[in-house]
Protein chains: 2
Amino acid sequence: MASPPGSQCMETTNSPNENTKHNTNIACICKCAKSMPKKLKSKVVKTAIFAKKIGEDDPRRIIHSVKVGIALTLVSSLYYLRPLYDGFGQAGMWAILTVVLVFEFTVGGTLSKSLNRGCATLLAGALGIGAEYLANLCGDKGEPIVLGLMVFILATAATFTRFFPDVKRRYDYGVLIFIITFTLVAVSGFRVSEILELAHQRLSTILIGGATCILISIFVYPVWAGQDLHNLIAANIGKLAVCLEGFGGEFMSFREDEDEEWITRSDEDKSLQAYKSVLNSKTTEETLANLAWWEPCHGQFRFRHPWGLYLKTGALATECAHHFKIIQKYIYSKPQVKSEFIKKIQEPCRIISTESSQALKQLSSAIRNMTYPLPETEDHIKTSRTAAEDLKIILEKPYPPQQDHFQEIVQLLCVASVLVDVVKSVENISVSVNELSQKAGFRQQKPKADKQQQQLLHRGIVQPVNDSDGSDDSFVVIDVCKLAGGQETLAQALEREKLEMRS
Amino acid sequence: MASPPGSQCMETTNSPNENTKHNTNIACICKCAKSMPKKLKSKVVKTAIFAKKIGEDDPRRIIHSVKVGIALTLVSSLYYLRPLYDGFGQAGMWAILTVVLVFEFTVGGTLSKSLNRGCATLLAGALGIGAEYLANLCGDKGEPIVLGLMVFILATAATFTRFFPDVKRRYDYGVLIFIITFTLVAVSGFRVSEILELAHQRLSTILIGGATCILISIFVYPVWAGQDLHNLIAANIGKLAVCLEGFGGEFMSFREDEDEEWITRSDEDKSLQAYKSVLNSKTTEETLANLAWWEPCHGQFRFRHPWGLYLKTGALATECAHHFKIIQKYIYSKPQVKSEFIKKIQEPCRIISTESSQALKQLSSAIRNMTYPLPETEDHIKTSRTAAEDLKIILEKPYPPQQDHFQEIVQLLCVASVLVDVVKSVENISVSVNELSQKAGFRQQKPKADKQQQQLLHRGIVQPVNDSDGSDDSFVVIDVCKLAGGQETLAQALEREKLEMRS
């Protein structure tokens, strides 16, 4: 918390003379009062800058706030426009409550809360009327006791179900509304004879509030939790690819250092850190998957899209990021001496990094574009698997005698050993993405263009684009039909498409 | 979701004969109808067993549910007992709403929501009356427009503040209630002239609801988020100690294997997994710390206890658990051949594991008992630091030539290299726990008893208890004064206390 306004004056109040002390206090208060507006102003400015940053980070936040404002203004008109008010009376209040409590950032969140609220109100209302009827049978004296007992039992049982993980995940809000409605109906029925009339009013206003939220949420700049989850998983795999590529670059630099100057690459260091956000995205992924479960079909996402597979892929990506944590620990301590043995280890390490990175890039873009992974992905994985086998063989052979720089070699060997796990990890991600692309009905990529290009390559007309330059992961989706006019060579077209991809 | 009741009959409906098909369908429906009660019964039984397990896992859940039931029954009596009803009228509803929405599992949660609700209602009520007054000045035609505009602006701005991390963490619920109350007051004031009377009723019922929740939450089997966080951190450090001890045991078994049979220790393997829950406790820790922030002083915890330091210690423990993840990966592949070199590496590894484990145990029990860490903790850390230095020297020396089993040695070296980091990590945890014990005002352990015991040890009266047996971390807190009667020797007392500790 901020320190109190007068705190910096405290020291001066220790003066022995009482009079002086009093004067100092007054002076201090005046000083504090004078500096107050200044401080307030700087605080307001700081908050404004912070608010601007939050808005810029994700402009959908501003849109969401405006959407809530619109929904609330619309619904509160139920209350203050006379013709509507005459229809609903005080029950219009429930529409306002519903809008504020139900309108969430994502469509899934809004749907989840609306449906929970609606169903729970219906169910609890019916039960409440039943309870009221039952209590009525017990006479005037018994009624409060029976009602109290029923409220107690139902509230206790319902609260306990909130500890069930499945209930907690999907129906937590519904249980709360259930308890509230049941209690209100059961208890208020004791007073108000027109309970059905009341229930009708309340339900219709809740319906109006909920429908307003759902409609605005879906049709005005919707934020789909499913789309967010989809993008998050694709981005996470992409981040892993960038990191792994960075590691590959580090291995390359081992080789070429002999002649070159040592370069500090702060930009690349930053890219090597990208995996860290992947380590902590589990909670977000689970929340989004829970919300996405409620969403209807939208864009290429069906209702009951296999969200679980996104979670599985995400978990595998996190597992892979854990390996990166170990690699990053060692990668900076590069061997200073270039023995043959070190070079022998470095080469497969570099291949694994580069090839696995390519595979991850293609998997990431396959998810992003909702297409099947390219057949080349499998090739990249195979190449890195072969390199991993080579590494294993080197690790199993006896160590060449009388080597210096033992510690550096040990660290390189540790990295090598982890890289073997990375290959396995990337394979698992690939299997999971393939399963996802089947179950989620991703598009097949045009095999025709592929074949045609393959033939051109085989006939030696075109120089194949080097896979390991690490910047292009989608050259095979080039529309070869375009070339039929013969106005540019395939090589030129490839170059052009590559430039377009980059821009 | 469960498969639909008739799904297992689907295959039989492929019969070519229509009539047979029809008959089969009927038979199938009958069969399904017959099996329904059985299935329902098995589902109910399963749910009951699951509920029992959830209750047994943490009996406080059952108590919490009963507490909510009691609070709700008490508050709903406002509504259905006539004298009370006459006082509050329909406003009693707000007490019910308050109880259900505000009563949380922990005291901190309940306080946070109650205070948020109370303050937000007051503030928004005042602002709402102001808005209503302002709108009144604009005449009959202007009023709805001005009110609508104010509701829109306030709802939009308030919703946007919910994206501020600080607001989200502590005042999210307050902002919601603020929007609801402001809208209701501003809009309903248009109709109801006795707005102050209404506000008074509503505030007093919310107060009654909130007070009921807070009192029951604090005085009937309270669940303190602070105490939970405290226990969680102590338990997590304890788990790390157990794991590290297990690793030490593995290194020991390297040494002694030469003569002994290979033993599969599934129990120990389980203990080696204990660190995994530490990896994922970050979210829980943060939630608990946020809730603990609201709690008043209780037991040895002050208001404004340094909860941030618990989070810091927890983060360091997680960091340490990450190292364990790497160690565990390698620890099972034990070298089969016992060369002098391997033994040279294994010994410091074993020392680090055992000593650091002892240090962690003492730190964990220091937190648990809210005392300063024992002075021995520092000794354990020093010993393991020395062992780490030894390891580093071994790693820096050139590797002895012509060794076989290169791969196994590499893995051992990787473990060794990680263990050096573990030592650093344990040191950090120790520093953090020391800071915590100072800031949180932990008790100093009786130095007198220590000294007396030291003298006894020096005079050779007592055999010192071996620290590395790994089962006793608190023998120095024994109350030596008890021995004054001379009815048992110190050694006997130590043994007795040890047994008591274990039971």
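Residues numbered from 1 in each chain as written. Chains lettered and ligands numbered in written order. Predicted model: local features only at pLDDT ≥ 70, side-chain atom pairs only at ≥ 80, totals over all residues. Heavy atoms only, no water.

**Some remarks on the overall build of chain A**
The number of helices and strands found in chain A is 19 helices and zero strands. Across the 503 residues in chain A, those meeting the buried criterion constitute 51%. Long-range contacts, defined here as pairs at least 24 residues apart, represent 79% of the contacts in chain A between residues at least 6 apart. Put simply, chain A shows about 24,900 Å² of open surface, and 61% of that area lies on carbon and sulfur atoms. (Helix = DSSP H or I, 4+ residues; strand = E, 2+ residues; numbered from the N terminus. Buried < 20%, exposed > 50% of the residue type's maximum accessible area, 1.4 Å probe, protein only. Contact = heavy atoms within 4.5 Å. Areas by Shrake-Rupley, 256 points an atom, 1.4 Å probe, with all protein chains shown as cover.)

**Quick look at the packing of helix H5 (residues 107-136) of chain A against helix H6 (residues 139-161) of chain A**
Residues and elements named next belong to chain A. Where H5 contacts H6, the axes come no closer than 8 Å and their chain directions differ by 145 degrees. The two elements H5 and H6 meet at a crossing, and its hand is right-handed. Contact with H5, carried on its side by Ala 131, Glu 132, Leu 134, Ala 135 and Asn 136, involves Gly 139, Glu 143, Val 146, Leu 147 and Met 150 of H6 and no other residues of that element. When its residues are assigned to classes, the contact of H5 with H6 shows six nonpolar, two polar and two charged. (Axes fitted to C-alpha atoms, helices over the stretch in contact; angles between N-to-C directions. Left-handed = near helix turned anticlockwise from the far one by under 90°. Nonpolar A, V, L, I, M, F, W, Y, C, P; charged D, E, K, R; others polar.)

**As for the UniProt feature "transmembrane region" (unreviewed entry) in chain A**
Residues and elements named next belong to chain A. UniProt records the feature "transmembrane region" (unreviewed entry) for residues 62-81, 87-107, 119-139, 145-164, 171-191 and 203-224 in the present numbering. In residues 119-139, the share of helix is 90% and the share of strand is 0%. The end C-alpha atoms are 31 Å apart. Overall, residues 145-164 shows 85% helix and 0% strand. The separation of its end C-alpha atoms is 30 Å. (UniProt positions renumbered as here; feature names shortened; annotations may be inferred.)

**Some remarks on the packing of helix H15 (residues 340-369) of chain A against helix H16 (residues 375-396) of chain A**
All names here are of chain A. Between H15 and H16, the least distance of the axes is 8 Å, while the angle of their chain directions is 155 degrees. With respect to their mutual orientation, H15 and H16 come out roughly antiparallel. Seen from above, H15 lies across H16 with left-handed handedness. (Parallel < 35°, antiparallel > 145°, perpendicular 65-115°, else oblique.)

**Points about the nonpolar core**
Note that soluble globular proteins tend to have their nonpolar side chains buried in a common cluster. One finds Leu 240 and Phe 324 of chain A together with Leu 240 and Phe 324 of chain B to be the most contacted residues of the largest nonpolar core, which totals 128 residues. With residues near it in sequence (within four places) discarded, Leu 240 of chain A still touches Tyr 275, Val 278, Ala 317, Cys 320, Ala 321, Phe 324, Leu 360 and Ile 429 of chain A. Of all hydrophobic cores here, the second largest spans 95 residues; its members include Val 99, Val 151, Leu 184 and Ala 186 of chain A. (Core = buried A, V, L, I, M, F, W, Y, C linked by side-chain atoms within 4.5 Å.)

**So, helix H6 (residues 139-161) of chain B**
Along its 23 residues, H6 of chain B runs 32 Å from first to last C-alpha, staying within 8% of the 33 Å computed at 1.5 Å per residue. Those residues of H6 of chain B lying buried are Gly 142, Glu 143, Pro 144, Leu 147, Gly 148, Met 150, Val 151, Ala 155, Thr 156, Ala 158, Thr 159 and Phe 160 of chain B. (Expected span 1.5 Å × (residues − 1).)

**With respect to the pattern of salt bridges**
All told, the structure shown has 31 salt bridges over all chains when counted by the stated rule. For Glu 286 of chain A, the salt bridge identified is with Lys 282 of chain A, shortest N-O distance 4.0 Å. Taken together, the positions of Glu 286 of chain A and Lys 282 of chain A, both in helix H13 (residues 282-292) and four residues apart, correspond to about one turn of that helix. Assessed through its relative accessible area of 37%, Glu 286 of chain A is described here as partly exposed. One salt bridge connects Lys 361 of chain B with Glu 245 of chain B, and the closest N-O pair in it is separated by 3.4 Å. You can see Lys 361 of chain B sitting in helix H15 (residues 340-369) and its partner Glu 245 of chain B sitting in helix H10 (residues 225-256), a full 116 residues away along the chain. The exposure class of Lys 361 of chain B is buried, given its relative accessible area of 15%. What you see here is one network of salt bridges that share partners, running through Asp 58, Arg 60 and Asp 228 of chain A. (Salt bridge = Lys/Arg side-chain N within 4 Å of Asp/Glu carboxyl O.)

**Considering the packing of aromatic side chains**
By convention here, two paired aromatic rings are described through the distance between centres and the angle between planes. Applying the stated criterion across every chain, the model contains 22 aromatic pairs over all chains. With centroids separated by 5.4 Å and ring planes inclined at 85 degrees, the aromatic side chains of Phe 247 of chain A and Phe 324 of chain A adopt a geometry described as edge-to-face. Here Phe 247 of chain A, found in helix H10 (residues 225-256), pairs with Phe 324 of chain A, found in helix H14 (residues 307-331); they are 77 residues apart in sequence, far enough to count as distant. Every member of this aromatic cluster is reached through a ring pair, and the members are Phe 50 and Phe 105 of chain A together with Phe 160, Phe 163 and Phe 164 of chain B. It is Lys 113 of chain A that lies over the ring of Tyr 173 of chain A; its NZ or CZ is 4.8 Å from the centre. The ring centre of Trp 293 of chain B lies 3.7 Å from the NZ or CZ of Arg 170 of chain B, which sits over that ring. (Phe/Tyr/Trp six-rings, centres within 6.5 Å; stacked < 30°, edge-to-face > 60°. Lys NZ or Arg CZ within 6 Å of the ring centre and 35° of its normal.)

**Some points on the confidence of the model for chain A**
All names here are of chain A. Residue-level pLDDT values for chain A average 78, and 72% of them are 70 or greater. In the predicted structure, residues 1-16 sits below a pLDDT of 50 and forms 13 contacts with residues beyond four places in sequence or in another chain. Predicted complex metrics record ipTM = 0.77 and pTM = 0.77. (pLDDT = per-residue confidence, 0-100.)

**Comments concerning a nonpolar patch on the surface**
A cluster of nonpolar residues, Ile 62, Val 66, Ile 70 and Leu 74 of chain A, forms a patch on the protein surface that exposes about 310 Å² of accessible area. Within the secondary structure, Leu 74 of chain A is located in helix H2 (residues 60-80). (Patch = residues over 30% accessible without salt bridge, like charges linked within 9 Å, V, L, I, M, F, W, Y side chains within 5 Å.)

**Things to note about the environment of Ser 114 of chain B**
Residues and elements named next belong to chain B. The topology assignment puts Ser 114 in helix H5 (residues 107-136). Considered as a pair, Ser 114 and Gln 362 are 248 residues apart in the sequence and their alpha carbons are 39 Å apart. Not counting residues up to four positions away in its chain, the partners in contact with Ser 114 are Val 102, Gly 210 and Ile 214.

**A word on helix H8 (residues 172-188) of chain A**
An ideal rise of 1.5 Å per residue puts 24 Å on 17 residues; H8 of chain A measures up with 24 Å between its terminal C-alpha atoms. Among the 17 residues in H8 of chain A, 17 count as buried, and that is most of the element.

**Brief notes about the environment of Ser 77 of chain A**
Residue and element names in this part refer to chain A. Secondary-structure assignment places Ser 77 in helix H2. On the basis of relative accessibility, which here comes to 15%, the residue Ser 77 falls in the buried class. Residues Ser 77 and Ile 96, spaced 19 residues apart in sequence, show a C-alpha to C-alpha distance of 9.7 Å. In this structure the side chain of Ser 77 is engaged in a polar contact, spanning 2.3 Å, whose partner is the backbone oxygen of Leu 74. (Polar contact = N/O pair within 3.5 Å; in protein donor to acceptor, adjacent residues only side chain to side chain.)

**Concerning the state of the cysteines**
Here the structure, examined in full by the defined rule, presents zero disulfides over all chains. Its sulfur unpaired, Cys 320 of chain A is 9.4 Å from the next cysteine sulfur, which belongs to Cys 243 of chain A. (Disulfide = S-S within 2.5 Å.)

**A few points about unusual backbone geometry**
One non-glycine residue with positive phi stands out, namely Met 370 of chain A, at about 55 degrees. Checked against the element boundaries, Met 370 of chain A lands in the loop between H15 and H16. Accessibility expressed as a relative area gives 5% for Met 370 of chain A, which makes it buried. Even without glycine at this site, Arg 304 of chain B takes up a positive phi of about 60 degrees.

**Some points on the environment of Ser 281 of chain A**
Residue and element names in this part refer to chain A. Along the chain, Ser 281 turns up in the loop between helix H12 (275-279) and H13. Ser 281 sits in the buried class, given a relative accessible area of 5%. Taking the C-alpha atoms as reference points, Ser 281 and Lys 361, separated by 80 residues in sequence, lie 19 Å from one another. Within the local environment of Ser 281, its side chain forms a polar contact with the side chain of Asn 236, the two groups lying 3.1 Å apart.

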